[in-house]
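# Understanding the architecture of this molecule
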Amino acid sequence: RVCFQGEAGAYSEKSLRELLGPNVISVPRPNFESCYRAVANKECDYTLVPVENSLGGSIHENYDLMLRYDLKVVAEHDFRVRHCLLTKPGLDKSKIKYAISHPQALAQCDNYLRLNGITPKPTYDTAGSAKMILASMNGEEFGKMLPEGCTPDNTAAIASDLAGETFGMDCKEQGIEDDDSNFTRFLLLGREGVVQHLNNKIPAKTSLVFTLPHVPGALFRSLACFSMRDIDFSKIESRPMSAALLNYLRFRNTITQMEAGQTSSAYGKDLPRFRYCFYLDILESELTVSCQNALHHLRERSEFCRILGSYPASSRLVGPVADAVNLLDAANVGKKPSTDLRLASLPSDKEGSRQLNIGFIGYHSFGQYLSRQMSSQHKLRCIDPMDKSKDAEKNNVEYFPNFQMSKFLQGLDVVIITVPMTELEETMETLPLEKLRNKLVVEMNPLKVYPRTVLTNMLPADADILCMNPMTAAELELDGVPIVYEKVRISDSLRADCFLSIFERARSQMVEMSAEDHDAYVANAEFVTHLTGRLLDRDLLPVTPVRSKEYSALCNVAEMTANDQFDMFYGMFKYNDQAKDMLNTMRENLARVERKIAAKEAYLSASAEMKNTDRQKLIAECRLLLREMARSETDSMQEKPTLNKKKDVPSGTSSTKKKD
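Residues numbered from 1 in each chain as written. Predicted model: local features only at pLDDT ≥ 70, side-chain atom pairs only at ≥ 80, totals over all residues. Heavy atoms only, no water.

Turning next to the overall build of the protein. From N to C terminus, the protein includes 22 helices and 23 strands. Relative to its full complement of 660 residues, the protein shows a buried share of 43%. When contacts within the protein are restricted to residue pairs at least 6 apart in sequence, long-range pairs at least 24 apart make up 75% of them. Accessible surface, the protein: about 35,600 Å² in total, of which carbon and sulfur atoms supply 52%. (Helix = DSSP H or I, 4+ residues; strand = E, 2+ residues; numbered from the N terminus. Buried < 20%, exposed > 50% of the residue type's maximum accessible area, 1.4 Å probe, protein only. Contact = heavy atoms within 4.5 Å. Areas by Shrake-Rupley, 256 points an atom, 1.4 Å probe, with all protein chains shown as cover.)

So, on to the pairing of strand β23 (residues 509-512). Both strand β22 (residues 482-489) and β23 contribute to a ladder of 4 bridges, which runs parallel. If you follow P482 over to β23, its bridge partner there is Q509. Considered for its hand, the β-α-β crossover made up of β22, helix α18 (residues 493-505) and β23 is right-handed. (Pairing = 2+ DSSP bridges. Right-handed = clockwise from strand over helix to strand, strands pointing away.)

Membership of the largest hydrophobic core comes to 67 residues, with the highest contact counts inside it found for L20, Y36, M66, L86, L188 and L189. Among the elements that take part in this core, helix α2 (residues 32-40) stands out by supplying 5 residues, more than any other. When sequence neighbours within four positions are dropped, the list of residues in contact with Y36 reads V49, N62, L65, M66, Y69, L71 and L189. Judged by nonpolar contacts, the second largest core, of 28 residues, contains L356, I358, I416 and L466. (Core = buried A, V, L, I, M, F, W, Y, C linked by side-chain atoms within 4.5 Å.)

This part takes up the pairing of strand β12 (residues 204-211). Most of β12 is tucked away, with 8 of its 8 residues classed as buried. Burial along β12 is two-sided: the residues A204, T206, L208 and F210 and K205, S207, V209 and T211 are all buried. With 8 bridges joining them, β12 and strand β15 (residues 304-312) adopt antiparallel strand pairing. Within the sheet, the bridge partner assigned to K205 lies in β15 and is Y311. Pairing geometry for β12 and strand β14 (residues 276-282), over 6 bridges, is antiparallel. Residue pairing across strands places V209 opposite Y279, the latter belonging to β14.

The full count for this structure, using the stated rule, is 28 salt bridges. R275 is the salt-bridge partner of E303, the closest N and O atoms lying 2.6 Å from each other. One end of the pair, E303, is in the loop between α10 (289-301) and β15; the other, R275, is in the loop between α9 (243-259) and β14, and 28 residues separate them in sequence. We classify R275 as buried; its relative accessible area is 7%. A salt bridge links R631 to E628; the shortest N-O distance between them is 3.0 Å. Of this pair, R631 and E628 both sit in helix α22 (residues 579-659), separated by 3 residues, roughly a single helical turn. (Salt bridge = Lys/Arg side-chain N within 4 Å of Asp/Glu carboxyl O.)

A full pass over the atoms with the stated rule returns 11 aromatic pairs. Judged by centre distance (6.2 Å) and plane angle (55°), the rings of Y11 and F79 are tilted. Residue Y11 is located in helix α1 (residues 11-20), and its partner F79 is located in strand β5 (residues 72-80); the two are separated by 68 residues in the primary sequence. Taken individually, Y11 and F79 each receive the classification buried, so the pair is uniform in this respect. Between F210 and F278 the ring centres are 5.7 Å apart and the planes differ by 25°, which places this aromatic pair in the stacked class. (Phe/Tyr/Trp six-rings, centres within 6.5 Å; stacked < 30°, edge-to-face > 60°.)

Of all the positions in helix α13 (residues 365-374), only G367, Q368, Y369, L370, S371 and M374 are classed as buried. Where α13 is buried, its residues touch β16 (357-361), β17 (379-383), α14 (389-394), β19 (414-417), β20 (440-444) and α18.

It is worth spelling out the side chain of T87 at this point. Position of T87 among the secondary structure elements: in strand β6 (residues 84-87). Contact partners of T87, with chain neighbours within four places excluded, come to I96, T155, A156, M169, D170 and K172.

Let's shift gears to the environment of L187. When you line up the elements, L187 lands in strand β11 (residues 183-190). For the pair L187 and P50, spaced 137 residues apart in sequence, the C-alpha to C-alpha distance is 6.4 Å. The residues contacting L187, other than those within four sequence positions of it, are T47, L48, V49, V51, M66, V73, A75, E76 and Y311.

Pasting the structure below:
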């Protein structure tokens, strides 16, 4: 099974037939992402997707999807686009007034349409245009999508000759495109690569994507990793970085800054606002010595590097792809090739609208919150030791008492366990585990390694296990909320994807992460957050008409943890090996703050006392100085009369002598 985007008979399907032959089963899909998902879910073996057109440029969506899905490139094919003019059987070419097709196809045939006086009318797809004319001829609802004025008697479709064969149309003319250099490059993607099947006799390519630090000459030095080893390129292109990759680089940047001892206010600040990743095709296999050295060199210079696949160049097939095609060809020797080897749909198409029977074991605040998000789409039931019948009725959930456990589990597709971690093992021991066979068991706790260990050890081998952590508080919307999950053991991928789609449709941020990585990166942060929320008593956060951003953030943390059960918080403490260390660190930090406050108060008190002592000394010195000044003045005043008397005596004596 090989899927492609578009209607049956699309150019992608024609390219598929050229590359893989007429005997593979083709599967049309409505969009590119559904192609990737079909292969990832093992509904299809491969998908053939276009990545660039010689006239229209790159199909950027597929480059972005190659980063999101872990698929490998196993082959490439350059497809020559030949447009055909298709009409209903028997229609005279002179009666054609309109041509309908994809806007890009119409633009590529603009000169031909002008010369023949045909008016272009854009539609959603090339092969879809032929399907539209056929549907209109048969009076089907889909035929009403024809543009205004268009009828099967005056309209032609521009599409491939395969579309004409598929929908029973007459091909009036082939090769009506204006430029005969119109080629589209397709990549064949699968779950496993074929690099091990390449050898020196097979020309090979390697596609990779990498990011670079924001420094001068970074791109030049990265390309030099290949050019200095005489490795040629066939393509290089830059693309804006996806949100997921940007978050990953921010995380790595934060770790680097923490190790360098920078303050938390600087974390992630030096990342430029616009970041780009580079897609590169090199003309060599990934396993050659020179390419290995070049890739090691590149990884030293880049922040992120991922190999998308090493594969044979120029439409060659190797490994399991070639083996499968050869087996199909051998099995159909002498048989007339058929254009009907295609599936109209996949089982997952029905799963999207499938109604799941979901049961909650434990119906506390978080279970009630989740049931409100799911009740409109799925049938829900719950079981709890306490009487939760009134809460269940409010949320359109059927309640079962504990003694009806067997009846509760009967007919369920998904069992969600929302009991605290401290009660998980005890709860599992009370369940009839054999009745959980062939069901999807989902645990939702803030830690992941311990719950995963309990479930894998206790559940039957044919029970699917999904570990999840919706990182939100009850009463909040799921929109934008990170949902961290791990598919521990999944045999029914369609059911698991249907369950996960509940959160995807709510626009949650889905993050697939192993339990070990989750607990290493998330558990400590969650414990500190909940600990801080519990320390922030309502009396410590009075209502104020003016709130700073910092105060609002503290209020949000306190509100988030206010309704959480203490058992949940205790589980975060008990099953996190670093929780005690973080609690001790919090105590030490509080003691350090208290010591700083006490030291500051002592300093200010001493400073005030010293200032007061200095003031007293100054006053005393001033008093002493004033006394000295007063004493000096008094002495000088006493000396003046004495001097006057001494001056008067000789004067009187001389006058007496004269008289005598």
